[in-house]
2 protein chains.
Amino acid sequence: MSTPDFPTDEIVRTIPNPSFLSTATSLLPALQTWVRRPVAIIKFVPDKTLFWGVRPVHSYPITSLPDLSWGKEDEFILDFGVHMVGRVSFTLDSAGEHMDAPCRLKVTLGESPMDVVMSMEDADVESTWIGKGWLPLEVVTVDECPEEVVVGGTGGGDGKGRRHAFRFLRVKVVDTSLKYKVVVKDVRCEVVSAIAPETKVGDPAFGEGERGKLLRRIDHVCVSTLRDCMQTVFEDGPRRDRRLWLGDLRLQALANYCTLKDYNLVKRCLYLFAAFPRNDGSIPACVFEMRGGQRVVESTDYIVDYDALFVATLCDYVEASGDRDAGRELWKTAEGGLGRALAHVDETVDMVNEENGKGWKFLDWEQGLEHSAGLHGVLVYCLKKARKLAGMLGLEGEGVTRDYEQEIERLSKGAKRFLSGSEEREDLVFISGPKKQISYASASWLVLADIFPEKTSRKVLRNTLKDGNAVRPLTPYLWHHVCEALASVGMTEESLEIIERYWGGMVKAGADTFWECFDEADAMRSPYGDVRINSFCHAWSCTPTYLLRGVLKGKVGGSDEGNEGDIAMGELDERWVKESLERIGKQ
Amino acid sequence: MSTPDFPTDEIVRTIPNPSFLSTATSLLPALQTWVRRPVAIIKFVPDKTLFWGVRPVHSYPITSLPDLSWGKEDEFILDFGVHMVGRVSFTLDSAGEHMDAPCRLKVTLGESPMDVVMSMEDADVESTWIGKGWLPLEVVTVDECPEEVVVGGTGGGDGKGRRHAFRFLRVKVVDTSLKYKVVVKDVRCEVVSAIAPETKVGDPAFGEGERGKLLRRIDHVCVSTLRDCMQTVFEDGPRRDRRLWLGDLRLQALANYCTLKDYNLVKRCLYLFAAFPRNDGSIPACVFEMRGGQRVVESTDYIVDYDALFVATLCDYVEASGDRDAGRELWKTAEGGLGRALAHVDETVDMVNEENGKGWKFLDWEQGLEHSAGLHGVLVYCLKKARKLAGMLGLEGEGVTRDYEQEIERLSKGAKRFLSGSEEREDLVFISGPKKQISYASASWLVLADIFPEKTSRKVLRNTLKDGNAVRPLTPYLWHHVCEALASVGMTEESLEIIERYWGGMVKAGADTFWECFDEADAMRSPYGDVRINSFCHAWSCTPTYLLRGVLKGKVGGSDEGNEGDIAMGELDERWVKESLERIGKQ
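So, how was this worked out
Residues numbered from 1 in each chain as written. Chains lettered and ligands numbered in written order. Predicted model: local features only at pLDDT ≥ 70, side-chain atom pairs only at ≥ 80, totals over all residues. Heavy atoms only, no water. Helix = DSSP H or I, 4+ residues; strand = E, 2+ residues; numbered from the N terminus. Rg over C-alpha atoms; globule rule 2.2 N^0.38 Å. Buried < 20%, exposed > 50% of the residue type's maximum accessible area, 1.4 Å probe, protein only. Contact = heavy atoms within 4.5 Å. Areas by Shrake-Rupley, 256 points an atom, 1.4 Å probe, with all protein chains shown as cover. Lys, Arg positive; Asp, Glu negative; His and termini not counted. Charge placed at Lys NZ, Arg CZ, Asp CG, Glu CD. Salt bridge = Lys/Arg side-chain N within 4 Å of Asp/Glu carboxyl O. Disulfide = S-S within 2.5 Å. Least-squares fit on C-alpha atoms with pLDDT ≥ 70 in both. Buried area = accessible area lost by both parts, 1.4 Å probe. Polar contact = N/O pair within 3.5 Å; in protein donor to acceptor, adjacent residues only side chain to side chain. Domains from an automatic or database assignment. UniProt positions renumbered as here; feature names shortened; annotations may be inferred. Axes fitted to C-alpha atoms, helices over the stretch in contact; angles between N-to-C directions. Parallel < 35°, antiparallel > 145°, perpendicular 65-115°, else oblique. Left-handed = near helix turned anticlockwise from the far one by under 90°. Pairing = 2+ DSSP bridges. Expected span 1.5 Å × (residues − 1). Arc of directions from axis to C-beta.

Remarks on the overall build of chain A
When helices and strands are counted, chain A shows 16 helices and 18 strands. Taken over C-alpha atoms, the radius of gyration comes to 25 Å for chain A, in line with the 25 Å a tight globule of 587 residues would show. Each principal axis of the C-alpha atoms in chain A carries an extent, and together these give about 85 × 50 × 50 Å. For chain A, the residues scored as buried account for 64% of the 587 residues in total. Sequence separation of at least 24 residues holds for 77% of the intrachain contacts in chain A that already meet a minimum separation of 6. Of the roughly 20,800 Å² of accessible surface on chain A, 49% is carried by carbon and sulfur atoms. Distance between charge centroids for chain A: 1 Å, based on 73 positive and 91 negative side chains.

What to know about the pattern of salt bridges
Residues and elements named next belong to chain B. Counting across every chain of the model gives 104 salt bridges over all chains. The shortest N-O distance in the salt bridge between Arg525 and Asp519 comes to 2.8 Å. For Arg525, a relative accessible area of 26% translates into the label partly exposed. Here Glu579 makes a salt bridge to Arg583, at a shortest N to O gap of 3.9 Å.

Section: the state of the cysteines
Residues and elements named next belong to chain B. Following the criterion strictly, the structure yields zero disulfides over all chains and no others. Unpaired in this structure, Cys269 has its nearest cysteine sulfur neighbour in Cys229, at a distance of 12 Å. Overall, the relative accessible area of 0% leaves Cys269 in the buried class.

What about the side chain of Ser580 of chain B?
As for its position among the elements, Ser580 of chain B is in helix α16 (residues 569-584). Ignoring anything within four residues of it in the chain, the contact list for Ser580 of chain B reads Gly81, Arg167 and Asp512 of chain B.

Quick word on the relation of the copies chain A and chain B
Once chain A has been moved 0.0 Å along the axis and rotated by 180°, it coincides with chain B to within an RMSD of 0.0 Å. Both copies are brought into coincidence by an operation consistent with a two-fold rotation axis.

Digging into the interface of chain A and chain B
On the chain B side, the residues contacting the 52 residues of chain A number 52 residues. Carbon and sulfur atoms supply 45% of the area that chain A and chain B bury against each other, a total of about 4,200 Å² over both sides. Taken together, the connections running from chain A to chain B amount to 12 salt bridges. Between Glu147 of chain B and Arg291 of chain A there is a salt bridge whose closest N-O contact spans 3.5 Å. At the junction of chain A with chain B, the criterion picks out 30 residue pairs in polar contact (both at pLDDT 80 or more).

Some remarks on the domain arrangement of chain A
For chain A, the domain assignment lists domain 1 (35-192) and domain 2 (304-361 + 367-471). One C-alpha centre belongs to domain 1 of chain A, the other to domain 2 of chain A, and the line joining them spans 47 Å.

What to know about the UniProt feature "domain: Alpha-L-rhamnosidase six-hairpin glycosidase" (unreviewed entry) in chain A
In the numbering used here, UniProt assigns the feature "domain: Alpha-L-rhamnosidase six-hairpin glycosidase" (unreviewed entry) to residues 213-547 of chain A. Annotated as residues 213-547 of chain A, this span is 49% helix and 6% strand, and its ends, taken at the C-alpha atoms, are 16 Å apart.

Remarks on helix α14 (residues 492-508) of chain A
Residues and elements named next belong to chain A. With 12 of its 17 residues buried, α14 lies for the most part within the structure. Buried residues of α14: Thr492, Ser495, Leu496, Ile498, Ile499, Glu500, Tyr502, Trp503, Gly504, Gly505, Met506 and Val507, and no others. The inward-facing, buried residues of α14 contact α3 (209-229), α12 (454-465), α13 (476-488) and α15 (544-549). Note on α14: the residue one or two positions beyond its end, Gly510, has a positive phi of about 105°.

Details of the environment of Pro204 of chain A
Residues and elements named next belong to chain A. Mapped onto the fold, Pro204 is located in strand β10 (residues 200-205). We classify Pro204 as buried; its relative accessible area is 11%. Residues Pro204 and Thr475, 271 residues apart in the sequence, show an inter-C-alpha distance of 26 Å.

Observations regarding the packing of helix α5 (residues 263-274) of chain A against helix α7 (residues 324-337) of chain A
Residues and elements named next belong to chain A. It is the contact of α5 with α7, at a shortest axis distance of 10 Å, that shows an interaxial angle of 30°. Considering the angle they form, α5 stands roughly parallel to α7. Here α5 runs over α7; the crossing is left-handed. Between α5 and α7, the residues in contact are Lys267, Leu270, Tyr271 and Ala274 and Ala326, Glu329, Leu330 and Thr333, respectively.

As for the sheet that holds strand β11 (residues 244-245) of chain A
Backbone hydrogen bonds hold the strands of a sheet together, and the pairing may be parallel or antiparallel. Residue and element names in this part refer to chain A. The antiparallel open sheet is built from three strands, whose spatial order is β11-β12-β13. One side of each edge strand has no neighbouring strand; the edge strands of this open sheet are β11 and β13 (295-298). Both β11 and strand β12 (residues 286-290) contribute to a ladder of two bridges, which runs antiparallel. Residue pairing across strands places Trp245 opposite Cys286, the latter belonging to β12.

Remarks on α16 of chain B
Residues and elements named next belong to chain B. Taking 1.5 Å of rise per residue, 16 residues should cover 22 Å, and α16 covers 23 Å from first to last C-alpha, within 8% of that figure. Those residues of α16 that sit buried are Met569, Gly570, Leu572, Asp573, Trp576, Val577, Ser580 and Ile584. In an axial view of α16, the angular spread of the buried residues amounts to 155°, which keeps them on one side of the axis. Exposed residues lying more than 90 degrees from the buried face of α16 are Lys578 and Glu582. Phi turns positive one or two residues past the end of α16, at Gly585, with a value near 95°.

Below is the structure:
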């Protein structure tokens, strides 16, 4: 697989804002840690009826682990029953005559069954254009036993060993010797998150029956995904890329406001972006943290739509938290973020043309997506958020550099040119670019921009959904916007159906946390050339909880739909572990 | 390659001697450490004229290392210029836009060029019956830079990282990312040995001319080999097996007495063996140390000839050190060690028959070697050492359980039955076993036992050496005994020729330290199935210094042969590094 052709960004210069960085640093959360231990020793057996083509079965009782010894080429998989983020350690002991040679182990930290079923040897992994260093394989060599093994003992950057995100731990013995085998015992993970197990979260039911059960599990997986991504920043994925992306942040923040309600972590992230404005007013698409948040470096990555969405993220934050001071302090940053997107507008027709300006337009990972109509929708959506934020902050006139009313009106008019077909007939759709591409991205963002009458929006959405040639989403990021667009125009059932099919599909495939990428028809699909390098706990897929607890609230159906009170995150985890074990079945 | 069929030992029970262990522990040396840095960045290019088929050339000036950056699949080799034992660390930094993915490196610690030219991937290494954990390959994954990387960061058993024995350090970058490369700088090895660089050693010349130069280099390599094996015990090989073997100890001690003169380390090792006598009076063939000597475990390995040789080792120690107290304390242990060997004597003919008793008979790694005659020689040799030791300790009668005179006389008579052929003709040899095997092992040990007139011994040795069907040695351990036997009967030139050809061959092949195994005709030869698992600094090959400074002293020829005074080990190392660089040639 060749490297995608990312548009190169024009030369920009960062003008750091130490004051904002200082505010961000003051909000560095005290990370919570707790210990989790494996609940089963399993192996995966073929089962073609399942998404991954394999099914977990017990291979030994978990209580027998300290009594089992492993020799050359032996291997086993430990199931922790739930996805977690943390540092793994265990005691390695020897059994037999004596340890007369070093023991070498290969330890794989698996989020998905494929991670521990396929080989993680870098040589076996197909061509991928992102770093193979992400492959969660650690080679451990031990000279003397008993030894406390910290998996990934150096390289974690903080002297504590490398952090991993996983549920399954595969241990393969490369070799011991003729004289001894090894015992792997006291396996534990020091789990880490900004959110403690004691943190309470609302625990709504979503009606009885299969749909209700499934939606409740989807909601739960969303919250777990969000929690595992909440570290010293909102990470995109705790396994990969482990960094703060602006687009992901916006969705995480929305899910957070209706669940874990950590306003400070959102604030911290907003200030981190605002600490690295560039000379053209734009802000980077992501920010790197190092040394547990003690050092921050801005990325050279830049994404036009993410940049524009900063104002939406800030508006949502002020609305949710009531923190107008932060809103006012970051207003200028937010306005700046709109600049590069606005530069894409073709003034002759008041339409965004993605060729008009520089910078990577994202919307979704699907290759070949035309971004003009979608970016136009993003832009109008963001201009309206800016207008709303200025209103909330009482900024009218003062410090506001654009006439948002006028811009919104102009671009709303321009948006109509993306419409193709007839209101009356069944061919009404949005088209984008010279090839008149029809896509879910265009439809959902132009609907979310709330430009057209609901009837038009509904028609366009319905026509797009049933158009087999429309460019579909690859990522949950865009599926979210499809679902939100549907829900925003009252297409509740269509929205729920996608949630059930798409996110429910991941749950049925065994997801503890939602994935970066899910193709119902192809378990091996990856934006990076190899499924083993995908992230299976990825922030931008945690939004159904936001929709179910927000715009879809009360519309799921079922008479007993309601809030079941609060539950501690730790209890939710235990519920999940219990269900995981039930799914594996009897020993 | 299948596992050799080691004779299984009969059930024995260790009856530990805590007092002897306590003495051994009180003699634990304070290990010396110093820092050594690479002197060249090299690559190996094909050169069929050389033993290994490759020749080192500079690839970059060593001073440029901090300025070089390495990306996916890049690799380089650092040459430290001399073999050493220690812990390697370096600073890993990133260069480029930013480090947006972990960096994974494969670090190979090479003693021989093949170690860093061939792949050390366990999957590539041919079938070997000893643990692949010995392969000196470390996989390092680093999340954040700059990072201080300790190669083999966990697993060393003492919290300080794994100890390696090497001269060459190969670094291969598995991957970085599209955004950055890595810089490897401040590479250093904390070298460790019981012997400090300040320790003085005699620096004899061995005459002028090519022979003199070669012998001086052989002598130097012997001393380096010995020093690198001297840790908390006399290790057999600091890379592999890293433990105290009785047979190796004897030779190391002999080399040590005429060079580094660390009597306490020999004493410590003798007491370590004596701490683990077994119910039949035998002692284990090796002892394991853990936690830097804080914990000692006896091996279940047992070797009949090693057991017998304990008395010789003790006798040599008392003679060299004058420490009669230790001699008296360990006398009983020494006498016990002879028991299992004596049990192999067929009383009807007073000849050892290797089938008569249990236990692994070693003498050499060569498969198919018949041990009866050789073990007979070892036994008489040891009985004479016992007689001598008893004499030195003034033990006659008191505490002596065997009539050594009588045993020696009996077995000397029996030994004659191994003779075949006529004193007059050119067919006089020793034969061993039912197939009448002629071997270097039989010849050298029966000569070293000093049973026959010198004339007979010389004739047998000469006939064996020129017999193309005689079983030749595979290891330096047996080559030593051949050389010593030759020298002991005045065959100085033949002894020197072997030293020049065999040890000189290793020197010419580029050895900084002498190897466990050397086959002039086959660089890939290994007793274990794969040359990459051989040890290239192996104690039992360090004995030419003992012969050259001892029995061969003054017989090398050349009028200017003599002692050039003392030199510090550190100066010897620097001389070697300088010569190594000269051999690589100009940048």
